[in-house]
Structures are given as C-alpha cells and as structure tokens.
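Commentary on secondary and tertiary structure
Residues per chain are reported as follows:
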Amino acid sequence: MKLAQRKVGSNIVLEVLEARLGADKVEAFKDAVARHLAAGPVSIVLDLSKVEFIDSSGLGAILSILKRMPKGCELVLCATTDPVASMFKLTRLDRVFTMKKTVDEAVSALSL
Amino acid sequence: MKAMILAAGKGTRVRPITHVLPKPMIPLVRKPVMEFLVEHLKAHGINKIMVNTSHLAPVIEEYFRDGDRFGVQMAYSFEGDLIGGQIEGKAIGSAGGMKKIQDFSGFFDETFVVLCGDALVDVDFAEVLRFHRERKSIATLVLRDVPPDDVSKYGVVQTDASGRIVRFQEKPARDQAVSSTINTGIYVFEPEIFQYIPSGVEFDIGGQLLPELVRNGQSIYGVTLPFAWLDIGSVPDYWEATSLLLRGKVAGFTMPGNEVRPGVHCGINVQIAWDRTHIEGPVYIGSSTSVGDGATIIGPTVIGSGCVIQPGAELRECILADYTRISSVAALEQKLIFGSKCIDPSGRYLDIEESQIRWLMDDARNKENLSESELLLFEEVKNLAVS
C-alpha cells in the first residue's frame, strides 16, 4: 500500500498512490492511516487524485477512518477522479464526508 | 415497395449496452428504435423489408420474425457463422450486405429505400422518392445540416444548386469540412447500383459505393428536408434521444402507458403510493414495477418493467433496464443501469459486480446473498447518510 505523506501546519496530507483501492488493499490502507493517527490527534486530508477505481471495501475503509478520527480532528477528502466521485455520490457518502476539489481547498477547509 | 434496414453493426460506440443488445434493439423509452423504423416504412407503403444481421442477430430476428405482427413482410440476411453453438458475426459492410442479398435472389428489382437501424427517423419518403424520380437519380441521399462542431462524426457532402453531389468527405475535421451538410444514412437506390458493388467482399456505401458511382460518371443527388432524426450511435446520443422523447420534443411520438399524473406515465400492475413518493415528470414507470414509500424520482426518467425501487431511493434523470433493483440508500443522478453496468451519459461506466455495489443496485431477480462486508456497509450508510 503506497501512501505519500506531507505535513501542512499541524495537519497531514496523505496521498494514496494506488490506482485501485479494493479489497486486497484496504487492510494495509487502514493500518497505514491508523499509524499516523496513533502518533497523536491530527486532521487528515486524503488526496485521492491517483485512485481510478474504488469498490465497496475501499469506501468502507475510508468510512472506518472517519469513525476513528480523534475528537476535534477532521478528515477531508479531495481531488477525487470521476469514477471515485461517482461511487461517493451513488452511496450518498458525499453527504457524509467533507469533499473538496483540490488539496489546497481541502487544507484551507481544515484551517478555517 | 422494398427497403433494407442496416442492422449488422457492432455498436462499438454504444458499449456497454451493445454487449447485450444490438443497436437497432436499444429501446427508446420502451420500443426498440428499429420498431419505429418498421412502423414508419409501413406508413409509407414500404412493406417488404430485408434486414442484414450479424452481431447478436437472434435478438433482432426473434423480435421481428416475419414481420407479420407489424403488418409488413420481413426477412434477414445473416452475416457470420455459428461456431461451437455461438453466433459469430462477420459483417460485410452496408453495400456488401445489400450485394449479398442481391446475389442471393435479385430481391432489389425496383427503386428501394435503405436506412440505418440505429436512428429514429420520420423522413417523408414520398417527398424523397419524388425528388429521386424527378432527377432520374440512381442514388439519392437524405441530407441534413448539423452544427459545424458535429461534422467530424459524419460523412459530409457538398451539393450543387440542383442537389447533385459534387464532393464527399468521410468524418472530416471541423476546419477541413467543405460543408456542414451530412449524409444521414438514408438512401433511395436504383438496382443499377449493384454493378458497382463487388461480390463477396466488405464494401461500404458511404466510403466506397458512393465515390465509386461518382468516379463512373453517375449523377447522385442529395435532398435536404426537415425531419426528426434521433441518432443513437453513441451513449451520449442515446441519452439525448431519450431525453428529447420524454420531454415531448419529438413530434409524432406518444408516450406508452397511461398518464396517471401530469407528466407521469405508467404501465399496468404498478405498486406505488402516490401520496408517499415524490415524482416529478417526465417519468415513465414500467409495468409490474414497485416504488417504495419515500422514494424520489425526478425526470426525465425511464424505469423499466419488473423494477424494484426501494423506499427512500433517489433517482434523478435515469434510465433503468427491466428488472433493476435500486436500494433505499442509493442516490442515482444521470445514470443508465443496463446489463449490470452503471453508465454515465458520457459512456463511462462502473461494473456493478466489480465495484461490489449490489447493495446499491442489482438485478431484482438476483437472490444471491450479499457478502458480510457489503451488508455492513449498507447498514452503515443507511445510518449515516439516509435521513
């Protein structure tokens, strides 16, 4: 599971470097994000610009991260490709997550 | 009078719909596009219709059979082989398809009409035939002016003042096009054209036969006249055509079923509580479909027969094939559900199995259990996202 991370202020931006976020990747994905959260409360911007395919288990994994977010911390999704955005809309999860077009917009949404 | 409907195309640009249905059988609201053509030909006294078939031939042949049900005589010229019990199409081009029939029986022994099976047209054939005969033409094309941006999708023609065609271009770039007048694929021919079509080889009308006629000094003509032309050559075209029909923009088209609410047409045996659903037309709801309480349906939308729209489901501008189940947590906007694919108007699609979203949409007859993780996600989404 490839994730690129960078710190922006007190928050982190995690870029998923996989084209497919499916059943074979979700455990590693959840573990990787959990490691970042274990270091202390932090808000996360999840950059999905490289992900071209997501299935139900991928959605479930992102949902489980949302539920694990520490109090006062946020999870913002951004830069979804059309097929991924479509999955969020179909499932109404676009109404559950904060979703932004770009990483910059997502970062500013956090600092507001 | 005789006609030929070209129905042997593979429908590459309408995939994934054409994995299951050949293009002429794609329904516009409820009726296959080719059925509109057969009815239209009949209305003009054209009642002997040959159809060349190839890709998914049995779907066409078993629907129209000998044409009796439609008040015409129909027969088929199959292009392909049966290999290991499977039909394998081997189309030989539009002109090649005509030639095969002519070599078989000499069927085309008088002026005849040719049209593509993948566009709904209501062209006035009496007018086209009058034009054709007046000019003693061997081949007359029905033309149409399109916006300059669209020329690259079609065969472009240039005519002189008498309607004689002086130049052809196949799918030119916009800035190279000599006109924005295009060939609609509707033709009137004299049997003399067969001299210019070789036997047993792939041969195309637009790309080969017409230029060959011109090279041999034959005068061919084009007539431009107003008529409805709904091309379903690609997924976006299909989307547009369905939307125009539902919005009442196509003269002569009547919605099937009964109008039970303004703009809402229904088949029979529909299960729905009108006061507990939110429906905005134009909407067609097929027979034996159930719509659960709290569902939202916004038109233009077509719901097929035997569908199950579960309570609370949201549908905006959708086309659902027969036997589609939409779950209570799904929110579909501009989706075409067909052959286990969830298709965007652009033609891009999600495979329902591959994306594991049977908990959102499925074949209503599929009783296979959902996996534990799918059920879990369904419950979570229901709690989180459905108010």
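What counts and how
- Counting of residues starts from 1 at the beginning of each chain's written sequence and follows it residue by residue.
- The naming scheme follows written order: chains are lettered A onward, ligands numbered 1 onward.
- Local features in this predicted model are restricted to residues whose pLDDT is 70 or higher, and side-chain atom pairs enter the listing and the counts only when it is 80 or higher, whereas totals over whole chains, interfaces and linings include all residues.
- Hydrogens and water are ignored here; the side-chain numbers use all heavy atoms of the structure.
- What counts as a helix is a DSSP run of H or I of at least four residues, what counts as a strand is a run of E of at least two, and both are numbered from the N terminus.
- Note that the radius of gyration is over C-alpha atoms, with the globule rule given as 2.2 Å times the number of residues to the power 0.38.
- Only protein chains enter the accessibility calculation, which uses a 1.4 Å probe; a residue is then buried when its area is under 20% of its type maximum, exposed when over 50%, and partly exposed in between.
- For this analysis, residues touch if any pair of their heavy atoms sits within 4.5 Å.
- For the accessible areas, the method is Shrake-Rupley and the probe is 1.4 Å, while residue cover comes only from the protein chains on display.
- A pair of strands is labelled paired if DSSP reports no fewer than 2 bridges between them.
- Within 6.5 Å between ring centres, the rings of Phe, Tyr and Trp (the latter by its six-membered ring) count as paired, and their orientation is classed by plane angle as stacked under 30 degrees, edge-to-face over 60, tilted in between.
- N or O atoms within 3.5 Å of each other form a polar contact, as long as, within protein, one can give a hydrogen and the other can take it, and as long as residues adjacent in sequence are counted only when both atoms are side-chain atoms.
- To obtain each axis, a line is fitted to C-alpha atoms, and for helices this fit is confined to the stretch in contact; angles are then taken between N-to-C directions over 0 to 180 degrees.
- An angle below 35 degrees is treated as roughly parallel, one above 145 as roughly antiparallel, one from 65 to 115 as roughly perpendicular, and anything else as oblique.
- If you view the pair so one helix is near and one far, a crossing is left-handed when the near helix is turned anticlockwise from the far one by less than a right angle, and right-handed when it is turned clockwise.
- The nonpolar class holds Ala, Val, Leu, Ile, Met, Phe, Trp, Tyr, Cys and Pro. Asp, Glu, Lys and Arg form the charged class, and all remaining residues, Gly among them, are polar.
- In this scheme, a helix's expected span is set at 1.5 Å multiplied by one less than its residue total.
- Scored between 0 and 100, pLDDT is the confidence that the predictor attaches to each residue.
- We define a salt bridge as a contact between a side-chain nitrogen of Lys or Arg and a carboxyl oxygen of Asp or Glu at a distance within 4 Å.
- Accessible-area loss on putting two parts together, using a 1.4 Å probe and summing over both, is the definition of buried area adopted here.

This next bit is on the overall build of chain A. Helix and strand counts for chain A come out as 4 helices and 7 strands. Taken from N to C terminus, the helices and strands of chain A fall in the order β-β-β-α-β-β-α-β-α-β-α. Against the globule reference of 13 Å for 112 residues, chain A gives a C-alpha radius of gyration of 13 Å, in line with a compact fold. With respect to the principal axes defined by its C-alpha atoms, chain A has extents near 30 × 25 × 20 Å. Out of the 112 residues belonging to chain A, those deemed buried represent 52%. Considering only intrachain contacts with a sequence separation of at least 6, the fraction spanning at least 24 residues in chain A is 70%. Carbon and sulfur atoms form 51% of the exposed surface of chain A, whose accessible area is close to 5,100 Å².

So, about the sheet that holds strand E17 (residues 264–266) of chain B. Residues and elements named next belong to chain B. The sheet built from 8 strands is open, its strands ordered E16-E17-E20-E23-E26-E29-E30-E31 with mixed pairing. Either end of the sheet is taken by a strand with one partner, and the two such strands are strand E16 (258–261) and strand E31 (349–351). The sheet contact formed by strand E23 (residues 301–303) and strand E26 (residues 319–320) spans 2 bridges and is parallel. Residue pairing for E26: isoleucine 303 is matched across the bridge by leucine 320.

The next point concerns the packing of aromatic side chains. All names here are of chain B. In this structure the tally under the stated criterion is 13 aromatic pairs over all chains. Note on phenylalanine 107 and phenylalanine 108: the rings are 5.0 Å apart at their centroids and 80° apart in plane angle, and the pair reads as edge-to-face. Phenylalanine 108 shares its class with phenylalanine 107; the two are buried. Both rings, one in phenylalanine 108 and one in phenylalanine 194, keep their centres 5.7 Å apart while their planes meet at 20°; by these two values the pair is stacked.

Note on placement: A:Ser56 falls in helix H2 (residues 56–68). Take A:Ser56: its relative accessible area is 4%, and that puts it in the buried class. Within the structure, the side chain of A:Ser56 is placed 2.5 Å from the backbone oxygen of B:Gln356, a separation counted as a polar contact. If we ignore the near neighbours within four places in the chain, the residues touching A:Ser56 are A:Met87, B:Ser355, B:Gln356, B:Ile357, B:Trp359 and B:Leu377.

Residue and element names in this part refer to chain B. A sheet is described by the order of its strands in space; here 4 strands give the open sequence E19-E22-E25-E28, paired in parallel fashion. Edge positions in the open sheet fall to strand E19 (278–280) and strand E28 (331–333), since each of these has one partner strand only. Recorded for the sheet is a direction-independent mean angle of 5° between the axes of neighbouring strands. In the sheet, E19 pairs with strand E22 (residues 296–298) via 3 bridges, with the strands oriented parallel. The residue of E22 that forms the bridge with histidine 278 is threonine 296.

As a further point, take the packing of helix H1 (residues 33–43) of chain B against helix H2 (residues 57–64) of chain B. Residue and element names in this part refer to chain B. One way to put it is that H1 packs onto H2 with a least axis distance of 12 Å and a crossing angle of 45°. The pairing of H1 with H2 is recorded here as oblique in orientation. Every pair of crossing elements has a handedness; the one defined by H1 and H2 is right-handed. In this structure, H1 contributes Met34, Glu35 and Val38 to the contact, and H2 contributes Ile60, Tyr63 and Phe64. Among the residues making up the contact of H1 with H2, the classes are represented as 5 nonpolar, no polar and 1 charged.

Helix length check: H2(A) (13 residues) gives 18 Å between terminal C-alpha atoms against 18 Å at 1.5 Å per residue, within 8%. Residues of H2(A) that are buried: A:Ser56, A:Ser57, A:Gly58, A:Leu59, A:Ala61, A:Ile62, A:Leu63, A:Ser64 and A:Ile65.

Let's shift gears to H1(B). All names here are of chain B. Counting buried positions along H1 gives 8 out of 11 residues, so the element sits mostly inside the fold. Among the residues of H1, those classed as buried are Val33, Met34, Glu35, Phe36, Leu37, Val38, His40 and Leu41. Just past H1, the residue glycine 45 takes up positive phi, approximately 75°.

Confidence in the prediction of chain B, expressed as mean pLDDT, is 93, and 100% of residues score 70 or more. Interface confidence for the predicted complex, given as ipTM, is 0.90, next to a pTM of 0.87.

Turning our eyes to something else, we now look at the environment of B:Ser371. Residue and element names in this part refer to chain B. When you line up the elements, serine 371 lands in the loop between strand E32 (361–363) and helix H7 (372–385). Classification of serine 371 as partly exposed rests on a relative accessible area of 32%. Taking the C-alpha atoms as reference, serine 371 lies 9.1 Å from glutamine 356; in sequence the two are 15 residues apart.

This part takes up the pattern of salt bridges. Under the defined criterion, the tally for this structure stands at 29 salt bridges over all chains. The salt bridge involving A:Asp82 is made with B:Arg348; its shortest N-O contact spans 3.3 Å. Residue A:Asp82 is located in helix H3 (residues 82–90), and its partner B:Arg348 is located in the loop between strand E30 (341–343) and E31; the two belong to separate chains. Here B:Glu134 makes a salt bridge to B:Arg130, at a shortest N to O gap of 2.4 Å.

A common way to report how large an interface is uses the accessible area buried once the components associate. Each partner contributes residues to the interface: chain A has 21 residues there, and chain B has 26 residues. When the two sides are added together, the surface that chain A and chain B hide from each other amounts to roughly 1,900 Å², 57% of it contributed by carbon and sulfur. Three residues, A:Ser56, A:Leu90 and A:Arg92, lead the burial of chain A against chain B; their summed loss comes to 36% of the area buried on that side. On inspection of chain A and its partner chain B, the count reaches 6 salt bridges. When the shortest N-O distance is used, the salt bridge between B:Glu333 and A:Lys89 registers 3.2 Å. Where chain A touches chain B, the interface holds 15 residue pairs in polar contact (both at pLDDT 80 or more). Going through the elements one at a time, H2 and H3 of chain A are the ones with two or more residues in the side of chain A that touches chain B.

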